[in-house]
Amino acid sequence: MTDTPQPSIPAPQPLTLGEVEAIARAAHSGQRDKAGRPYAEHLRAVAEGVRARGGDEEQIAAAWLHDSVEDDALSDGWLEEAALSRRTKDIVRAVTKRAAEPPEAYARRVLATPGALLVKEADLAHNADPARLAVLDEPTRTRLTEKYTRMRALLGLVADGGELR
């Protein structure tokens, strides 16, 4: 019996950024943020924030998907099977908050995952945007401002003078 080479099955083509954006927009369609705006505006802002901070395509893809598993818009199973790089999947999982997880554990996971800090920084920057927070009631605005400030500190996103970067 001779060993006949078997034809190789080509790997699926990775999703393009445009496809990732379309998937994220569809997964979050009909959702609104705390200010009542379409949730896709937040996803776009985070993806643009990653791009503006010098992020690469894998980080931008993760930015589009950063809330998808956390919000149950897409399952972890979908993420695992998606034609995305392992790094993109790891970043999405790193920035996905887990039920009852202490902020310190969450921050450690983000910091331990290559590429995740930039995505989380862009997410926090948009979440803490004063114009976005201004439309919320005072108690909500205060609670969220404190939450985002604490997370920025845990992630080391504070300049030498104590100012947030």
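Residues numbered from 1 in each chain as written. Predicted model: local features only at pLDDT ≥ 70, side-chain atom pairs only at ≥ 80, totals over all residues. Heavy atoms only, no water.

## Let's talk about the layout of surface pockets
For the largest pocket, the calculated volume is near 350 Å³. Looking at the largest pocket, it is lined by 20 residues, and the ones nearest its centre are Lys34, Tyr39, Asn127, Arg132 and Tyr148. Put simply, the parts of the chain that give the lining of the largest pocket at least two residues each are α2 (39-52), α7 (116-127), α8 (130-134) and α9 (138-154). Looking at the second largest pocket, its volume works out to about 220 Å³. What lines the second largest pocket is a set of 15 residues, among which Lys97, Pro103, Tyr106, Lys147 and Met151 lie closest to the centre. Within the residue set of the lining of the second largest pocket, elements represented by two or more residues are α6 (103-112), α7 and α9. (1 Å grid on protein atoms, 1.4 Å probe; cavity = no way out; pocket = protein on both sides within 12 Å on 5 of 7 lines; lining within 4 Å. Points joined across faces, edges and corners; volume = space filled by probe spheres on them. Helix = DSSP H or I, 4+ residues; strand = E, 2+ residues; numbered from the N terminus.)

## Quick notes on the nonpolar core
Ranked by size, the top nonpolar core spans 38 residues in total, and within it Val50, Trp64, Leu65 and Leu155 carry the most contacts. Going through the elements one at a time, α1 (17-27), α2, α3 (57-65), α5 (86-95), α6, α7 and α9 are the ones with two or more residues in this core. Examining the composition of this core, we find that six residues originate from one element, α3, more than from any other. Excluding residues within four positions of it along the chain, Leu65 makes contact with Val20, Ala24, Leu74, Trp78, Leu84 and Val92. (Core = buried A, V, L, I, M, F, W, Y, C linked by side-chain atoms within 4.5 Å. Buried < 20%, exposed > 50% of the residue type's maximum accessible area, 1.4 Å probe, protein only. Contact = heavy atoms within 4.5 Å.)

## Regarding the pattern of salt bridges
In this structure the tally under the stated criterion is 16 salt bridges. Arg87 is paired through a salt bridge with Glu58; the nearest N and O atoms lie 2.7 Å apart. Separated by 29 residues along the polypeptide, Arg87 in helix α5 and Glu58 in helix α3 bring together distant segments of the chain. The shortest N-O distance in the salt bridge between Asp76 and Arg93 comes to 2.8 Å. (Salt bridge = Lys/Arg side-chain N within 4 Å of Asp/Glu carboxyl O.)

## Focus: the environment of Arg37
Mapped onto the fold, Arg37 is located in the loop between α1 and α2. With 95 residues separating them along the chain, Arg37 and Arg132 place their C-alpha atoms 9.7 Å apart. Leave out the neighbours within four places in its chain, and Arg37 touches Gln31 and Arg32. Side chain to side chain, Arg37 and Glu41 meet in a polar contact 2.6 Å long. (Polar contact = N/O pair within 3.5 Å; in protein donor to acceptor, adjacent residues only side chain to side chain.)

## Here's the deal with the packing of α6 against α9
Direction vectors running N to C along α6 and α9 enclose 50 degrees, while the axes themselves pass 9 Å from each other. Taken together, α6 and α9 sit at an angle that is classed as oblique. Once α6 is placed against α9, the crossing between them reads as right-handed. Mapping the contact onto sequence places Pro103, Glu104, Tyr106, Ala107 and Leu111 in α6 and Arg150, Met151 and Leu154 in α9. (Axes fitted to C-alpha atoms, helices over the stretch in contact; angles between N-to-C directions. Parallel < 35°, antiparallel > 145°, perpendicular 65-115°, else oblique. Left-handed = near helix turned anticlockwise from the far one by under 90°.)

## Structural notes on the packing of α5 against α6
Where α5 contacts α6, the axes come no closer than 8 Å and their chain directions differ by 165 degrees. The angle between α5 and α6 falls in the class roughly antiparallel. Of the two elements, α5 crosses α6, and the hand of that crossing is left-handed. In this structure, α5 contributes Arg93, Ala94 and Val95 to the contact, and α6 contributes Tyr106, Arg109 and Val110. Here the contact of α5 with α6 is composed, by residue class, of four nonpolar, no polar and two charged. (Nonpolar A, V, L, I, M, F, W, Y, C, P; charged D, E, K, R; others polar.)

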